[in-house]
Amino acid sequence: MKIHHIGYLVKKIDKAKEEFKNMGYTVLQEDVYDDDRQINICFMEKDGYVIELVSPTSKESTVAGLMKKLGNTPYHICYETEDMDKDIQILLARKYVMWEEKKPAIAIDGKKVCFLIHPYAGMIELVER
Ligand code: NI
């Protein structure tokens with residue numbers, strides 16, 4: 001599976017964006033508000049690497065707990081999948097646990113995404129191609 005982006009949890013998306021710009025990143029997609037997940041999302045790129053800044057906007061955000069626990073940090077790698085259901089089955093057999101079931105992501109053109117966690121490899125996201 002090809003890597004689509006690396007998800008980066010940030011407390012203040014504007015301030016984070018400024019610093020990533022200082023580091024040479026350019027904005028691929030300006031902030032999109034995902035009401036379903038209660039997050040702001042911005043995609044940036046440097047040297048072919050794409051990062052997704054994810055910032056919780058409320059205590060009900062899907063990542064509010066992670067932010068409290070982890071702070072500003074990279075926290076998932078997103079992979080493109082040709083057949084999400086098939087890949088989910090393969091990953092579940094390899095001890096991944098579903099963290100967020102498959103549903104559309106407004107910030108990625110409404111494509112379906114899901115999140116899984118492995119006990120030793122941490123969190124990944126799948127996005128349909
Ligand atoms: Ni992501």
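Calculation rules
Residues numbered from 1 in each chain as written. Predicted model: local features only at pLDDT ≥ 70, side-chain atom pairs only at ≥ 80, totals over all residues. Heavy atoms only, no water. Donors = N, O, S within 2.8 Å, 3.2 Å for Na, K, Ca; no water. Tetrahedral: all angles 85-135°; square planar, octahedral: opposite > 155°, others 65-115°. Helix = DSSP H or I, 4+ residues; strand = E, 2+ residues; numbered from the N terminus. Buried < 20%, exposed > 50% of the residue type's maximum accessible area, 1.4 Å probe, protein only. Arc of directions from axis to C-beta. Contact = heavy atoms within 4.5 Å. Pairing = 2+ DSSP bridges. Axes fitted to C-alpha atoms, helices over the stretch in contact; angles between N-to-C directions.

The name an unreviewed UniProt entry assigns to the protein chain is Methylmalonyl-CoA epimerase, from the organism Butyrivibrio hungatei DSM 14810.

Thoughts on the coordination of the nickel ion
Protein ligation of the nickel ion involves His 5 (NE2), Glu 52 (OE), His 76 (NE2) and Glu 125 (OE), the donor distances falling in the range 2.0 to 2.1 Å. Considering all four donor atoms around the nickel ion, angles at the metal cover 90 to 175° and the coordination shape is irregular. Between consecutive donors of the nickel ion, the numbers of intervening residues give the motif H-x46-E-x23-H-x48-E. Taken as a pair, His 5 in strand β1 (residues 3–9) and Glu 52 in strand β4 (residues 49–56) lie far apart in primary sequence, 47 residues in all. No difference in accessibility class separates His 5 from Glu 52, as the two residues are buried.

As for helix α3 (residues 84–93)
Every buried residue of α3 is listed here: Met 84, Asp 87, Ile 88 and Leu 91. For α3, the angular spread of the buried residues around the axis is 105°, confining them to a single face. Residues of α3 that are exposed and angled more than 90 degrees away from the buried face: Lys 86, Gln 89 and Ala 93. In this structure, the buried residues of α3 make contact with β5 (73–81), β6 (97–105), β7 (111–118) and β8 (122–128). Where α3 ends, the next residue or the one after it, Lys 95, has phi of about 80°, a positive value.

Overview of the sheet that holds β6
Strand order in the open sheet made by the eight strands is β2-β3-β4-β1-β5-β8-β7-β6, with mixed pairing throughout. Every other strand in the sheet has two partners, leaving β2 (26–34) and β6 as the edge strands with one partner each. Across the sheet, the mean angle from the axis of one strand to that of its neighbour is 25°, orientation sign disregarded. The pairing of β2 with strand β3 (residues 39–46) spans six bridges and is classified as antiparallel. Bridge pairing in β3 links Val 32 to Ile 41. Across the sheet, helix α1 (residues 13–22) touches β1, β2, β3 and β4, and the angle it forms with β3 is around 0°. The strands touched by α3 are β5, β6, β7 and β8; relative to β8, the strand with the most contacts, the crossing angle is about 160°.

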